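Residues per chain are reported as follows:
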Amino acid sequence: MAIYRFRVTFEDYEDVYREVDMPSKATFLELHETIHKSTGYDQDKSSSFYVSNDQWKKGTEIAFQPNERKKSAGVLLVEDVRLSKFIDDPHQKFYYVYNFDRPYDFHVELIKILKEEDGKEYPAVFKKVGEAPKVVSAANFPVTGDEDDDDDYVEEVGEEYGVDEEDDYDMFDDEEGEEGEGEDKSSSNEDY
């Protein structure tokens, strides 16, 4: 039996990834579960895989706990679809959205097709690099109704970066103006 090795990378944290080995006959549900065993995230959140091209454009959706609208539209379900059904390319890609309420986006790419090793259990996490980011929850956001805390929060963000956007843009305007002063403005109209 063929074993698919997938690299699972956080879209916003490219230095954090997992490599997982999946039997070709495994379902997308098993891939979903294996990803979350390696990240420590709650597996019981509405999520979807999308068959993708090389530019990570979303194609056919394969859903876990889809809403009623998706069910009535006939969306494919992770528990019903084997990985091998959508492996058309030796570097097949899947765009994966975990937890639609507070989503994390992943890039799942087939990086190797291996032979099954005797005595090894599959699916398996082959490699873990970096710490998975903490799942954002309601506890991480300021409570509404206490306006003083909200104002302090906004001020801290502005001071943290120390950038005054107005001054920043003025600097770029001056540079463009200096370059254009020596040019004959009528010559730019002749180009059209």
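This one's a predicted model, so the numbers in the text were calculated from it and none came from an experiment.

Chemist: Outline the environment of Y13, supporting the account with residue identities and numerical values.
Modeler: In this structure, Y13 sits in strand 2 (residues 13-23). Look at Y13 and you get partly exposed, because its relative accessible area is 36%. On a C-alpha basis, the gap between Y13 and P133 in space is 8.3 Å, while along the polypeptide they are 120 residues apart. The contacts of Y13, once residues within four sequence positions are left out, are Y104 and P133.

Chemist: Please provide a residue-by-residue account of the packing of aromatic side chains, values included.
Modeler: Going through the model one piece at a time under the given rule, you end up with 13 aromatic pairs. Ring centres of Y4 and F6 lie 6.1 Å apart, and the angle between their planes is 70°; this geometry places the pair in the edge-to-face category. Comparing Y4 with F6 shows no difference in burial state: the two are buried. Geometrically, the ring pair formed by F10 and Y104 is edge-to-face, given 5.8 Å between the ring centres and 90° between the ring planes. With a gap of 94 residues between them, F10 in strand 1 (residues 2-10) and Y104 in strand 7 (residues 104-115) connect regions that are remote in the sequence. Accessibility expressed as a relative area gives 2% for F10, which makes it buried. Of the residues examined, Y104 reaches a relative accessible area of 10% and is grouped as buried. A cation over an aromatic ring shows up here: R7 above the ring of Y17, its NZ or CZ 4.5 Å from the ring centre.

Chemist: Can you break down the confidence of the model for the protein residue by residue, with the values?
Modeler: Residues of the protein with pLDDT of at least 70 account for 70%, and the chain-wide mean is 79. In the model, residues 138-165 has pLDDT below 50 throughout and makes 10 contacts with residues more than four positions away in sequence or in other chains. Throughout residues 167-171 the model reports pLDDT below 50, and contacts reaching past four residues in sequence, or to other chains, amount to 1 contact.

Chemist: Explain helix 1 (residues 28-39) to me, and be specific about the residues and the numbers.
Modeler: Count 3.6 residues to each turn of an α-helix, and residues three or four apart come out pointing the same way. The end-to-end C-alpha distance of helix 1, which contains 12 residues, comes to 17 Å, matching closely the 16 Å that a straight helix rising 1.5 Å per residue would cover. Here helix 1 lies mainly inside the structure; 9 of its 12 residues are buried. Backbone geometry just downstream of helix 1 places G40 in the positive-phi region, at approximately 85°.

Thresholds applied
- Residues numbered from 1 in each chain as written.
- Predicted model: local features only at pLDDT ≥ 70, side-chain atom pairs only at ≥ 80, totals over all residues.
- Heavy atoms only, no water.
- Helix = DSSP H or I, 4+ residues; strand = E, 2+ residues; numbered from the N terminus.
- Buried < 20%, exposed > 50% of the residue type's maximum accessible area, 1.4 Å probe, protein only.
- Contact = heavy atoms within 4.5 Å.
- Phe/Tyr/Trp six-rings, centres within 6.5 Å; stacked < 30°, edge-to-face > 60°.
- Lys NZ or Arg CZ within 6 Å of the ring centre and 35° of its normal.
- pLDDT = per-residue confidence, 0-100.
- Expected span 1.5 Å × (residues − 1).

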